Amino acid sequence: MQLQSSKFCLVFTSKVQKKLDTLSSSDRKQYDKAFKCFAEQGAAYRSLRTHRYRYKDGDIWSSSASMAKRFYWRYIDKQSIEIVHIDSH
C-alpha cells in the first residue's frame, strides 16, 4: 500500500481576507484549523463535509470549518485552491 500526501496552496480573495481579519479570535481559530487540514489533506478530509455545486462557469465547492462556519472554494489548478467566500449561519 502506498499513501501519497497532498499539499495544496490556498489563495484567498481580498474579500475573504478582509472578512477573516474582522472575525473574533475564536472564529478565526476555527477557520485557521480547517484551512490547515484542507491544505494538507484536500477535499478528501471527511470531517470538512465538502459538497460540489455546479454552475455554468464551473464548479464551486463548499466545506465546513464547524457546524456553523462554511467556506466556498474552487480549484485553480491541480495544487492550488482559491477560497472565494466564507460565511456563518
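This text goes with the structure placed above it.
Residues numbered from 1 in each chain as written. Predicted model: local features only at pLDDT ≥ 70, side-chain atom pairs only at ≥ 80, totals over all residues. Heavy atoms only, no water.

A. Here's a closer look at the pairing of strand β4 (residues 69-75). With five of its seven residues buried, β4 lies for the most part within the structure. Two elements, strand β3 (residues 58-64) and β4, share four bridges in a ladder whose sense is antiparallel. Among the inter-strand pairings, S62 is bridged to a residue of β4, identified as Y72. Pairing of β4 with strand β5 (residues 80-88) involves seven bridges; the strand directions are antiparallel. By the bridge assignment for β5, R70 is matched with D87. Count of turn residues in the β4/β5 antiparallel hairpin: four residues. (Buried < 20%, exposed > 50% of the residue type's maximum accessible area, 1.4 Å probe, protein only. Helix = DSSP H or I, 4+ residues; strand = E, 2+ residues; numbered from the N terminus. Pairing = 2+ DSSP bridges.)

B. How the structure looks around the side chain of E82. Relative to the helices and strands, E82 resides in strand β5. The class of E82 is buried, set by a relative accessible area of 14%. One polar contact links E82 to R74, side chain to side chain, over a distance of 2.5 Å. E82 has contacts with V11, T13, Y72, W73, R74 and I76, leaving out every residue within four places of it along the chain. (Polar contact = N/O pair within 3.5 Å; in protein donor to acceptor, adjacent residues only side chain to side chain. Contact = heavy atoms within 4.5 Å.)

Everything listed here is a matter of coordinates, which is why it stays silent on function.
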